Amino acid sequence: MNRMYNKLSDAELTALLKEGDEGAFTEVYQQYSPELTAWVSRKVLSLDDAHDLVHDVFIHVWLDKGNVTAVKPYLYYITRNKIVDYFRKNASRREYAVLTQLVNQKQEPHMDPVASIEAKDLRENLEAAIEQLPPRTKEIFKLSRQENYSTAEIAAKLGLSEQTVKNQLSTALHYLKNTADRLSILALLYVLYN
């Protein structure tokens, strides 16, 4: 039976997905992979890593399709877990310890004053690095990362092409990756964007 999957609600897609309907899975992928990739790319420094991570999310969704209760919340839940795994996998023992302190600090803000000071210093270092970006690149970076504008929204707001916005974001991330030490980047990405 030929279905118009793009006309189905999330609840209908969820029901079909649970039954193993490949067309419903394809529609979920087409609807949500760009949104998830944009969200993940705000948290990791590599667009390639963001694409790989989202690909892993959809593999997980297909393999666990029987447990999906609502498509969008489930996708974001799995994606958040994959991001945490990504940082854990790519962090050294020392970095992991600092990230753990920062996670605990967010859950219990008054727990560890040393972690609080370290997080404040890291945030200030990142903000100083952002201020060194060229004006247009800095503006685009802030709209994306601090105000959560999508690439399309930034392009429309600034009268630029989406590709130009993507290029500027890539330039900003490359600069920040090269100017901040590895520990600062991992910890600050968690502090600022989690």
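Each remark here, short or long, concerns the structure printed above.
Now for a look at the structure at hand. Keep in mind it's a predicted model, so treat the numbers as computed, not measured.

**Describing the packing of helix α1 (residues 10-18) against helix α2 (residues 22-41)**
It is at 8 Å that the axes of α1 and α2 come closest, and there the two elements cross at 135°. In terms of orientation, α1 lies oblique with respect to α2. As for how α1 packs across α2, the hand of that crossing is left-handed. Of the residues in α2, those in contact with D10, L13, L16 and L17 of α1 are A24, F25, E27, V28, Q31 and Y32. Taken together, the residues that form the contact of α1 with α2 break down as seven nonpolar, one polar and two charged.

**Points about the pattern of salt bridges**
Scanning the model with the defined rule gives four salt bridges in all. Among the ionic contacts, a cluster of salt bridges with common partners joins E131, K138 and K142.

**Regarding helix α8 (residues 151-158)**
Here α8 has its buried residues at I154, A155 and L158. All buried residues of α8 project into a common sector of 100° when viewed along the axis, lining one side. Immediately beyond the C-terminal end of α8, within one or two residues, lies G159, with a positive phi of roughly 70°.

Rules of the game
Residues numbered from 1 in each chain as written. Predicted model: local features only at pLDDT ≥ 70, side-chain atom pairs only at ≥ 80, totals over all residues. Heavy atoms only, no water. Axes fitted to C-alpha atoms, helices over the stretch in contact; angles between N-to-C directions. Helix = DSSP H or I, 4+ residues; strand = E, 2+ residues; numbered from the N terminus. Parallel < 35°, antiparallel > 145°, perpendicular 65-115°, else oblique. Left-handed = near helix turned anticlockwise from the far one by under 90°. Contact = heavy atoms within 4.5 Å. Nonpolar A, V, L, I, M, F, W, Y, C, P; charged D, E, K, R; others polar. Salt bridge = Lys/Arg side-chain N within 4 Å of Asp/Glu carboxyl O. Buried < 20%, exposed > 50% of the residue type's maximum accessible area, 1.4 Å probe, protein only. Arc of directions from axis to C-beta.

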